[in-house]
Amino acid sequence: MARSVDSGVVAFGGVVLGLLAVFWATPALQDVGALVPAVRAFAGLFLILFAPGALLARLVGVRPDRFGVFALFAITLSFGVLTLLNLFVSFVLAPLGVAEPLSFLPLAGVLSAVLAALLAAIHVTGTSMSIPPIRLRGSPAVVLGLVALPGLAAAAVIGVDQFGTHLGMFALLGGVIAVTLLAATRLVPGSLAPLAVFSVSLSVLLHRNLLTDHVVGADIQASYFLSDLLLDTHYWAPDMGGSMMSLSVVTSVPASITMLTGLDLATTYKVVYVFLFSLVPVGLFYVNSRVFDDRIALFGSLFFVFYHGSFYFTPGKQLMSELVVVAMLLLVVYEGVDTAGLKAALGIFAATLISAHYGMTYAIGLSLLAAVAGLGIVRRLGGDFDHDLSIWQPVVLLGAATAFYAYSAPDLVDRLGALPFGIVDQLVTLAITGAVPGSGASYVSGETGLLDSLRLYLYLLLTGLIGLGLARDVLGRLDRIRTGADPGYVEYAALAVPLFAFLGSSYFVIANLWADRVYQLVLTILAPYAAVGFATVFGGAGAVLDRASAALGRTSRAASDGGVRRRLGGAHWTLLAVVLAAVLALNSGLAFALVGTADASGFNAETNDLTFNGPEREAADWLVDNATAIERYDRLGADDGAATLPIYTEPRSYQLFRAVALPGYTNVEIRYLKSQWRPTVFPAEVEEGYVFVRQRSVDPDARSADLPPSMLSGSTVGNLSGPRNVVYASESARIMDSNTTAVP
């Protein structure tokens, strides 16, 4: 008797096969009509970032009952499969004679074969492909408002770019703050919390990333250059050199998405990667709703989103690695790893993490080692409890990471090995000067303005709440172990303790990551503890007031039943929402715009931040295209004997040149005109080469000594310019040939 075929398999398989046909047909029809590129992009993104993971999730036994959780598994597993696919075509197809393994045909062929194999496995094993339905229980008006928020972000950016108005930005951030405050009430019910978190996250990220047609940030500029290089060479190999090139998640994977979907590379980073990273706080919500509860999960996720390092730049290696970490947490919390299939899924995530960010890989690996040791000590002291951590998990992760980095980026392993000596030097600096540059102490000592100080105090408050919440959680779980009760997700608390210690150490010294980046990294685990700490403070205050009322004889029923504590319990979530709204208002520039001039491009087009506009990028491209001495290589240091061409500029513009003429992959050497250690520009020391000045980096009225390294005075630019040496000039940038620089 023939076995019946699951209707879900038939339906999903039909969609996949249909989109595969469209996917293969659209490249040849790219110029037929305006809709063809959009259809190709949709088909490609579905086949790349949803279908493989959805099929694989069912095969390995992932069975969540919520659509959001299933979608997260499908997307993150697909992202992992795409990463492994890139490694496969590079390490397997290239030795077999495929000259350009990262071109369309090899990538599309391997992707189609993977999808066909997964569909066949689903059919042979009789696995169901039923997908949980989408359930949005709540007011239609609230649902519509949440869905419309990302569109408002796009409209706000159009208002800034096309009409020079910031009203849309005020409306957008006002809407996000309103959602945050309403989240403390029943107007945004718990069933809509994941949608609210995703909508807020995507909107806040888009309002920064859509301001320009280029990527936003520092290290992401180098990632962009390398991805663009791979689009030209259609080839990736570890011997192409450099630690960044070894991280395929931010180099070859964006290039592959661009190649398969026909999207522009900048769009891949600014839209696709922004969408993917917007899922991180949603995953945090689902994880922490299991570990803690929905309220703590909601406000922990919003804290993560509103931290400036989470939304201010285009997602790069650190932020994309957090997508993988959240996927691993989601797998452990929702499904466990007690079957071969689930262990395979965990292995895919681990390989993707290694290919995403060495900092996050070692932070998680070493913290897991410390967590295993801590849980072992608790057991030896008499604790009788079970947990799912094994010494082999961090050992395998750290061992595989070190082996891969030693093969693909030996210089990175050398730098990591030198970290202990660097920390010793930093301790000496700390003892002499009181602060190490980039440490938390240096940030604290550097804040001067009223609003900057307010932001600092809010961060200190939230950090203290994290510590209090973590202490309460750890002590509570230890007490349950002592009494023989189930300690719950004790692994989460055990992992959080060493990460909090890592955060604390960054106040004094830095381990290749500045303090603000460490803070953002550890929030992936620690963010919900701020809400736990807040609840602890108000719960304790309510208990004290209840006891005081009883002692004074005010033994009303409300007081004797803990009424003060109960009323405070409802009010403190609103107060926490206000604190988080203030953090967003300060980090986005909204608060600064309301009282004066904001140092953020969304409110001030003249601010000199890392949001490079089109004319600035055109000026840098012009220099690279027209300076005949500039050479570009397909691997790091391919021609060590070539003469270097100096380009002099300030530190912010240096980041722009990492996207168009990355040192090491070109013979360009970027030299700072000034720095914090050399705050004065000496035109006589500008040697043969070019001087690049963005208009936004010039303050015509200030003295050079009064300006930060990223700003130049008008007199300095005048000293560097002469009637014959300006080779390029626009409203946004000026380029001088330093061979004829007039020196007064």
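In short, a report on the structure. These numbers come from a predicted model, not from an experiment.

1. Here we look at the nonpolar core
Among the nonpolar cores identified, the biggest contains 216 residues, and Y273, F306 and Y529 are the most heavily contacted of them. No other element matches helix α11 (residues 265-291), which puts 16 residues into this core. Those residues in contact with F306 that lie beyond four places of it in its chain are V176, T180, V200, V204, F311, L580, V583, L584 and N587. Listed in part, the 21 residues of the second largest apolar core include L623, I630, I647 and I670.

2. A look at the sheet that holds strand β2 (residues 668-672)
In spatial order, the strands read β2-β1-β3-β7-β6; together these five strands make up an open sheet with mixed pairing. Unpaired on one side and paired on the other, β2 and β6 (726-729) mark the two borders of the sheet. The mean inter-strand angle of the sheet, taken between neighbouring strand axes irrespective of direction, is 20°. Across the sheet, helix α27 (residues 614-626) is in contact with β1 (645-649), β3 (690-694), β6 and β7 (733-737); its angle to β3 comes to roughly 170°. Sheet contacts for helix α28 (residues 651-660): β1, β2 and β3; angle to β3, the most-contacted strand, approximately 105°.

3. Some words on the pairing of β6
In regular strands, side chains alternate between the two faces of the sheet. Relative to β7, β6 runs antiparallel, the two being bridged by three bridges. Residue pairing across strands places A729 opposite R734, the latter belonging to β7. In textbook terms, the turn of a hairpin is the stretch between consecutive antiparallel strands, and for β6 and β7 this stretch comprises three residues.

4. Topic: the environment of L49
Here L49 lies in helix α2 (residues 35-49). Measuring from C-alpha to C-alpha, the distance between L49 and I257 comes to 9.4 Å, with 208 residues separating the pair along the chain. For L49, the residues in contact, after removing those within four places along its chain, are A74, I75, S78, F79, L82, V272 and L276.

5. Details of the side chain of S710
Looking at where S710 falls in the secondary structure, it is placed in the loop between β4 (698-699) and β5 (712-713). Overall, S710 belongs to the buried group, its relative accessible area being 12%. Setting aside its immediate chain neighbours within four residues, S710 contacts N608, E650, P651, R652 and S697.

Analysis parameters
- Residues numbered from 1 in each chain as written.
- Predicted model: local features only at pLDDT ≥ 70, side-chain atom pairs only at ≥ 80, totals over all residues.
- Heavy atoms only, no water.
- Core = buried A, V, L, I, M, F, W, Y, C linked by side-chain atoms within 4.5 Å.
- Buried < 20%, exposed > 50% of the residue type's maximum accessible area, 1.4 Å probe, protein only.
- Helix = DSSP H or I, 4+ residues; strand = E, 2+ residues; numbered from the N terminus.
- Contact = heavy atoms within 4.5 Å.
- Pairing = 2+ DSSP bridges.
- Axes fitted to C-alpha atoms, helices over the stretch in contact; angles between N-to-C directions.

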